[in-house]
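# Residue-level structure breakdown
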Amino acid sequence: MARILAIDYGTKRTGIAVTDELQIIASGLTTVATKELLPFLKDYISKENVELFLVGEPRQMNNEVSESEESIQSFLKKLAKSIPDMPVKRVDERFTSKMAFQTMIDSGLKKRQRKNKALVDEISATIILQSYLYNQ
């Protein structure tokens, strides 16, 4: 089997999480400056066997798409041109940032550490990936 890579896309930073090769465990991988995301993904898939990209789909409480969806759509078009053979699935990412922040509190991180937005993005990507795995 191959890994699944989850992307919590942001205009400045993007959180990335990945499964193990058996697709059992979701782990935070890193946070990448969004302008460096496509080169990072190309490099990663050249070294690791990845079969699917999951991209968070931000929705509002009334199920309408969030305003950030426009920038995600632009990224998805670039991704399709850059890595055309990689399938992409979208995953509802409502509440992932809040869940990530709560996870940081629950794990005992100090207030200063919880202000690390890069860590929040990485944990959010992990939550997106875990929810996908759980629902399979």
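An account of the accompanying structure is given in this report. (Residues numbered from 1 in each chain as written. Predicted model: local features only at pLDDT ≥ 70, side-chain atom pairs only at ≥ 80, totals over all residues. Heavy atoms only, no water.)

### Structural notes on the side chain of Thr34
- Its place among the elements puts Thr34 in the loop between β3 (26-33) and α1 (37-47).
- You can call Thr34 buried: its relative accessible area is 11%.
- Every residue in contact with Thr34, bar those within four places of it in the chain, is listed here: Tyr9, Gly10, Thr11, Lys12, Arg13 and Thr14. (Helix = DSSP H or I, 4+ residues; strand = E, 2+ residues; numbered from the N terminus. Buried < 20%, exposed > 50% of the residue type's maximum accessible area, 1.4 Å probe, protein only. Contact = heavy atoms within 4.5 Å.)

### Quick word on the pattern of salt bridges
- Scanning the model with the defined rule gives four salt bridges in all.
- Across the pair Lys47 and Asp43 runs a salt bridge whose closest N-O atoms are separated by 3.0 Å. Highlighted residues: Lys47 and Asp43, both in helix α1, separated by four residues, approximately one helical turn.
- On the accessibility criterion, Lys47 (60% relative accessible area) is exposed.
- Notably, a salt bridge pairs Arg90 with Glu69, separated by 2.8 Å at the nearest N-O pair. Separated by 21 residues along the polypeptide, Arg90 in strand β5 (residues 88-92) and Glu69 in helix α2 (residues 69-82) bring together distant segments of the chain.
- For Glu69, a relative accessible area of 8% gives the class buried. (Salt bridge = Lys/Arg side-chain N within 4 Å of Asp/Glu carboxyl O.)

Taken by themselves, the reported measurements are silent on function.
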